[in-house]
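Summary of structural features
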Amino acid sequence: MGVLDIGRWTTALALLAAAAAVHGAGVVEIDGLEGAAKENALAALSLQREREAALTTARLHRLHRLANGEIRHALEPFGYYRAKVDGSLEESGEQWRARYRVTPGPAVPAERVDLRLEGPCAEDPPFQALRDRFPLQPGAPLDHRRYEEGKRRLLELADRRGYFDAKLTRHHIALDLDAYQARVALALQCGPRYRFGALRFDQEAFNDTLLARYASFAPGDPYDLDALLDLERALRDADYFDSVEVTPLRRQADADHRVPIRVRLEERKRSKFTFGLGYGTDTGPRLGVGWERRRLNRAGHRFQSDLRLSGVGNRLNASYLIPGEHPETERWTLAAGWETDNTDSRDSESLTLGAAWRHQRAGWGEELSLRYLDEDYTTASDSGESELVIPAVAWSRSWGDGGLEVRRGARLELELSGAAEGFLSDANFTKATAHGKLILPLDPFGGDAGRLLLRGDLGVIATDEFNALPASLRYYAGGDQSVRGYDYESLGPRDANGKVAGGRYLLVGSAEYEHRLSGPWSGALFIDAGNAFDSTDDPLMVGAGFGLRWRSPVGPVRVDLARALDGDGGWQLHLRVGPDL
C-alpha cells in the first residue's frame with residue numbers, strides 16, 4: 001500500500017471549497033459608454049442579469065470571463081466592431097464588484113447605401129422623399145437600429161399607400177472589417193398600387209350619398225390610408241354618430257385591385273339638451289338652455305335652438321342647418337332670433353331673420369350671409385326703430401398647438417357688412433371689423449413657463465346718417481374682453497348729458513404676460529388700451545392690472561383685478577371662462 005499524502009488532499013479540498021463558496025449580490029460597472037450603447041451592453045451581460053443571485057466563486061469567474069465578448073458583441077449594432085474591453089473583478093468576503101473599461105473605437109462607416117425602388121412606387125413622391133431622408137445615409141456610422149428603422153418605414157409607407165404586395169427582395173449588409181467599411185443594399189419590389197373600391201355604410205339613418213360626401217376620395221382613386229383616417233375623423237366631427245369604424249376589406253379586392261371600404265356607424269341620440277349656469281362681470285348671472293335635433297331627415301338636416309338669460313340682456317335663437325356639397329366644411333343655415341340688451345349704454349330689442357352659407361376658402365372659414373334686422377333702440381339721446389337688410393361676408397382662421405394651454409397660436413376674424421337705403425333699409429352704411437389674437441412662448445427666466453398674449457380689435461363704420469344706426473351696430477369699449485379696468489361698454493363718445501352713445505370707430509389693444517406658477521395655476525400681468533370714438537383725435541383709455549389663471553378641465557378660468565389709468569375709477573374685478581383662442 002502507498003502512503004497517503006495528507007497535504008495534497010488538504011490543498012485539493014481547500015480549492016474545491018473555495019470554488020463552491022457562495023457570494024451575495026454584487027455590482028457591475030461599465031466605464032467609457034453612454035446612453036443606448038451602455039444600456040445595451042449592460043443588458044447583454046450575463047453577470048448583470050445574475051448579480052442579485054447567490055453565485056458560487058466558479059460561476060462568478062465563468063460569467064466574468066464571458067463579459068468581454070458579450071460587451072463587444074452588444075456594441076456591434078451601434079457600428080463599433082473594434083471595441084476593446086478591460087475587465088477586473090474584486091472580491092471581498094461575500095461581496096464582489098466587476099468593472100469593465102470600454103474603448104469603443106471608431107464606428108464602421110456605411111460607405112455605400114444602395115436603396116432601390118422597383119415598380120410604380122419609384123415615381124410616388126412620398127417614397128422619393130423617404131429615399132432622400134433614409135435613416136441610414138452614406139458615410140454615416142453603421143447603426144443597425146437606423147437600418148432596421150429604415151426597413152420598417154419602407155414597409156409601413158407601402159402599406160399606407162396601397163402597395164399591399166410590396167416586399168423587400170434584397171436587404172443585407174456587407175461588412176469588410178479589414179477595410180473597416182460596410183455596404184448596405186436594399187430593394188423594395190412594391191407591386192401594383194391598389195385603389196379604392198365601393199364605400200359600404202353599415203347604418204340606416206342617413207342617405208349613403210350624404211355620407212359619401214364626407215370622403216375626400218372616390219372609387220377608383222389610388223388607395224391612401226390618410227384619406228381613410230380623414231373620413232373617420234370627418235364622420236366623428238359631424239356629431240351624428242357615437243361610433244365610427246372605417247375598415248378596408250383588403251381580402252375582398254377584385255381583379256382590378258380595388259379594395260371595398262366598410263364604414264360601421266352607431267347613431268347618437270337624436271335629441272341633445274344643454275343647461276348651464278354662469279357668472280361674468282360683464283353680464284352678471286347667466287342661464288343657458290339649449291335643444292338640438294341632430295337628425296331631422298335622412299339628408300342630415302338638423303335644428304338648433306337656445307335661450308340665454310343674463311343681467312344685461314336675453315337672447316332666443318333658432319337655426320335650421322343643411323349640409324353642403326362638402327358637408328365637413330360647407331353648411332347652409334336659416335336662422336331667426338330675438339334679443340334684448342339692457343346696459344348702462346343702451347336699451348334695445350331686436351328681431352332678426354337670415355340665411356348664411358359657410359365654407360372653406362384657402363384654409364379660411366368664409367361665411368356669406370343676408371340678414372333682416374328690426375331693432376327698437378335707445379342709446380344716449382338717440383332712439384328709434386330701424387329696419388335693415390344687411391348682406392355680410394366674414395372670414396375666420398385659427399391655428400395653434402392645441403391643448404388646454406396654447407403655447408403658440410393665433411386667431412383672426414374679419415367681417416364686412418352694410419346696407420343700402422334703397423334696398424329694404426332705412427339707412428346707408430358700410431361696416432368693417434377685425435379681431436385678432438396672438439399667443440407666443442416667452443419666458444425671460446429661460447424656461448418654458450411663460451406666454452405672451454396679444455389681442456387687438458379694429459372697426460370702422462362709414463355712413464352719413466350715424467344717428468339712424470341701431471345700437472347693436474355701433475361700437476362700444478370697456479369690459480372683460482375689451483379694456484379691463486372699465487365697466488362693460490362704458491367707453492365711447494358721449495352725448496350732451498354724458499351718456500355713451502356708441503362710436504363710428506373702434507381701436508383696442510392688449511398685451512399680457514402669463515407665467516405658470518404651480519400645476520394648473522398661472523399668474524398674469526396685463527395692460528389694455530382702446531376706445532370707441534367718432535374722431536381720431538379722441539384719446540385712448542388705458543387700464544392695467546394682474547390676474548390669476550386656472551386651467552380647469554372645461555377650459556381656462558381667468559380672474560383679473562384691473563385699474564383704469566385714466567380717470568378716478570377704482571379697481572375692477574373681471575371674471576371670464578373660455579378657450580385661449
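Before going into details, it helps to say that this report is about the structure given with it. (Residues numbered from 1 in each chain as written. Predicted model: local features only at pLDDT ≥ 70, side-chain atom pairs only at ≥ 80, totals over all residues. Heavy atoms only, no water.)

**A short note on the sheet that holds strand 5 (residues 95–103)**
Within a sheet, each strand pairs with its neighbour through backbone hydrogen bonds, oriented either parallel or antiparallel. In plain terms, the rule: Between any two strands, pairing holds if DSSP finds at least two bridges. Helix numbers and strand numbers start at the N terminus; a helix is a DSSP run of H or I with at least 4 residues, a strand a run of E with at least 2. The axes are straight lines fitted to the C-alpha atoms, using for helices just the contacting stretch, and the angles between their N-to-C directions are given from 0 to 180°. Contacts were defined at the residue level, with two residues in contact if any of their heavy atoms lie within 4.5 Å.
Within the open sheet, the three strands sit side by side as 2-5-4. Their pairing is mixed. Two strands bound the open sheet, and with one partner strand each, they are strand 2 (27–31) and strand 4 (84–92). Shown here is a sheet whose adjacent strand axes are inclined to one another by a mean of 15°, direction ignored. Examined bridge by bridge, strand 4 and strand 5 share nine bridges and lie antiparallel to one another. Across the sheet, Ser-92 pairs through a bridge with Gln-95, a residue of strand 5. Along the sheet face, helix 4 (residues 57–75) touches strand 2, strand 4 and strand 5 and points at about 155° away from the line of strand 4.

**Examining the sheet that holds strand 11 (residues 258–267)**
The three strands are arranged 9-11-10 in an open sheet whose pairing can be described as mixed. Both edges of this open sheet fall to strand 9 (195–202) and strand 10 (241–248), since each of them pairs with a single strand only. Averaged over neighbouring strand pairs, the angle between their axes works out to 20° when direction is ignored. Relative to strand 11, strand 10 runs antiparallel, the two sharing seven bridges. Directly across from Ser-243, in strand 11, lies its bridge partner Glu-266.

**Thoughts on helix 8 (residues 225–237)**
This is how the line gets drawn: Multiplying one less than the number of residues by 1.5 Å gives the expected span of a helix. Three exposure classes are used, based on accessible area relative to the maximum for each residue type with a 1.4 Å probe and protein chains only: buried under 20%, partly exposed in between, and exposed over 50%. It is the directions from the helix axis to the C-beta atoms that the arc portrays. Whenever two N or O atoms come within 3.5 Å, that pair is a polar contact, provided that in protein one can donate a hydrogen and the other can accept it, and provided that, for residues adjacent in sequence, both atoms are side-chain atoms.
Given a rise of 1.5 Å per residue, 13 residues ought to cover 18 Å, and the 19 Å separating the end C-alpha atoms of helix 8 matches this to within 8%. Burial in helix 8 covers these residues: Ala-227, Leu-228, Leu-231, Ala-234 and Leu-235. Across the axial projection of helix 8, the buried residues extend over an arc of 125°, all falling on one side. Close packing links the buried residues of helix 8 with strand 9, helix 7 (208–212), strand 10 and strand 11. Where helix 8 begins, one side-chain oxygen reaches toward the backbone nitrogen of Asp-226, 3.0 Å away; that side chain belongs to Asp-224.

**Observations concerning the pairing of strand 25 (residues 541–552)**
Pairing geometry for strand 24 (residues 521–533) and strand 25, over ten bridges, is antiparallel. Looking at the pairing, Trp-521 lines up with Trp-550 of strand 25. Pairing of strand 25 with strand 26 (residues 555–564) involves ten bridges; the strand directions are antiparallel. Its bridge partner being in strand 26, Arg-549 is matched across the sheet by Arg-558. Between the end of strand 25 and the start of strand 26, which pair antiparallel, lie two residues.

**A few points about the pattern of salt bridges**
Where charged atoms of side chains with opposite charge meet at close range, the side chains can pair. Counted only if it meets this: The term salt bridge refers to a pairing of a side-chain nitrogen on Lys or Arg with a carboxyl oxygen on Asp or Glu at a separation within 4 Å.
Under the defined criterion, the tally for this structure stands at 43 salt bridges. The partner of Arg-161 in a salt bridge is Asp-124, with the nearest N and O atoms 2.8 Å apart. With a gap of 37 residues between them, Arg-161 in the loop between helix 6 (144–160) and strand 7 (167–176) and Asp-124 in the loop between strand 6 (110–118) and helix 5 (125–132) connect regions that are remote in the sequence. Owing to a relative accessible area of 4%, Asp-124 belongs among the buried residues under this scheme. In this structure, Glu-156 engages Arg-152 in a salt bridge whose closest nitrogen and oxygen atoms are separated by 2.6 Å. Here the residue Glu-156 and the residue Arg-152 both occupy positions in helix 6, the gap between them amounting to four residues, near one helical turn.

**Some words on the packing of helix 5 against helix 6**
Quick reminder of the rule: Throughout, the term roughly parallel applies to angles under 35 degrees, roughly antiparallel to angles over 145, roughly perpendicular to angles from 65 to 115, and oblique to all others. Residue type decides the class: Asp, Glu, Lys and Arg count as charged, Ala, Val, Leu, Ile, Met, Phe, Trp, Tyr, Cys and Pro as nonpolar, and the leftover types, Gly among them, as polar.
It is at 11 Å that the axes of helix 5 and helix 6 come closest, and there the two elements cross at 170°. If you check the angle between helix 5 and helix 6, you find them roughly antiparallel. Between helix 5, through Pro-126, Phe-127 and Leu-130, and helix 6, the contact on the second element is made entirely by Arg-153, Leu-154, Leu-157 and Ala-158. Split by residue class, the contact of helix 5 with helix 6 holds six nonpolar, no polar and one charged.

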